[in-house]
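# Close look at the chain arrangement
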Amino acid sequence: MALKDITLGQYFPGKSIIHRLDPRTKLMAVTLYIVALFLCKSFVTYAMMFVVLALCIGLSRVPLKSILRGMKPVLFIVCFTALLNLFYTPGEHELFHFWIFRATWEGLLAAFYMVIRILMLIAGTFLLTYTTSPILLTDGLESLMKPLKKIRVPVHELAMMMSIALRFIPTLIEETDKIMAAQRARGADFESGNLMQRAKAMIPLLVPLFISAFRRADELAVAMECRCYHGGEGRTRLRQLSYQAKDWIALALFLVLTVAVGVLGHFGL
């Protein structure tokens, strides 16, 4: 797996209908989509969720290969989760039995549904960051969490930290790639050997990466202080968020989808 395959936090500029939606609409739509995914019980409801996801990807005009490439880093976790569901889900229809491993038809279905759920969840989350700039994402999060200010929750600071974290993921990946190239030029080997040897080979990579990350954090803090940044009190925004007709329609559609999946799941469909 190459570091360039990690696409979390990247933003693909565009003028599609998904890009033009209010960031709060997209945040709530993704939340409803995740809830609906966990309400799915059968192939019918999962097929509905897949159609919705495919339609959203098509409307966003984000390259499909970018979304598929972004899933490569989680393939190991997905496969491991599938194996756990396959061998440790009890059932009556046994497929095969080897040593302590017993696979059943119910376990196979559970593994299949779990893999589909994880992949669609990741794709939906990626689509949010691909079509929403970090600044708009920060404004949307802060607006949605505004009621928490009444109980003295630092809403602006939390939204800013999440935005900065997403913004610097591609930067840190690029920095890691440069450090790995420099270490390979000096004879370092990150691919051969067993798991422990590979872990030890990563130590010369982690030290300069942490130093670079702390240096960037310090430079960012100094830059924000020089610009008299003191949190969200009294600050204005270049773009004022406002719901439009397309936002209400999108929210209504996702709400209907969630309710429909929940009703179908209640009847075992």
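In what follows, the structure referred to is the one given above.
Residues numbered from 1 in each chain as written. Predicted model: local features only at pLDDT ≥ 70, side-chain atom pairs only at ≥ 80, totals over all residues. Heavy atoms only, no water.

### Quick look at the pairing of strand β2 (residues 101-104)
Test applied: A strand pair is defined by DSSP finding two or more bridges across the two strands. Numbered from the N terminus, helices here are DSSP runs of H or I no shorter than four residues, and strands are runs of E no shorter than two.
Two elements, strand β1 (residues 94-98) and β2, share four bridges in a ladder whose sense is antiparallel. Paired with Glu 94 across the strands is Thr 104, a residue of β2. The antiparallel pairing of β1 with β2 creates a hairpin that spans two residues between the two strands, and Trp 99 there sits at a positive phi of about 55°.

### Considering the pattern of salt bridges
Rule in force here: In the sections that follow, a salt bridge refers to a side-chain nitrogen of Lys or Arg positioned within 4 Å of a carboxyl oxygen of Asp or Glu. Throughout, exposure labels follow a simple rule: accessible area from a 1.4 Å probe, protein chains only, divided by the maximum for the residue type, with under 20% read as buried, over 50% as exposed, and the rest as partly exposed.
A full pass over the atoms with the stated rule returns two salt bridges. With a shortest N-O distance of 2.9 Å, Arg 24 and Asp 22 are connected by a salt bridge. On the basis of relative accessible area, Arg 24 is assigned to the buried category, the value being 10%. The partner of Glu 175 in a salt bridge is Arg 216, with the nearest N and O atoms 3.1 Å apart. Of the two residues, Glu 175 sits in helix α8 (residues 155-185) while Arg 216 sits in helix α10 (residues 203-226), which places them 41 residues apart along the sequence.

### Remarks on the packing of aromatic side chains
Threshold: Here a Phe, Tyr or Trp ring, Trp counted by its six-membered ring, pairs with any other such ring whose centre lies within 6.5 Å, and the pair is stacked when the planes are under 30 degrees apart, edge-to-face when over 60, and tilted otherwise.
Tallying each qualifying case throughout the model produces seven aromatic pairs. Taking the centre distance of 5.7 Å and the plane angle of 40° together, the rings of Phe 126 and Tyr 130 count as tilted. With Phe 126 and Tyr 130 both in helix α6 (residues 105-131) and four residues apart, this pair spans about one turn of that helix. When its relative accessible area of 0% is taken as the criterion, Tyr 130 is described as buried. Geometrically, the ring pair formed by Tyr 243 and Trp 248 is tilted, given 5.0 Å between the ring centres and 40° between the ring planes.

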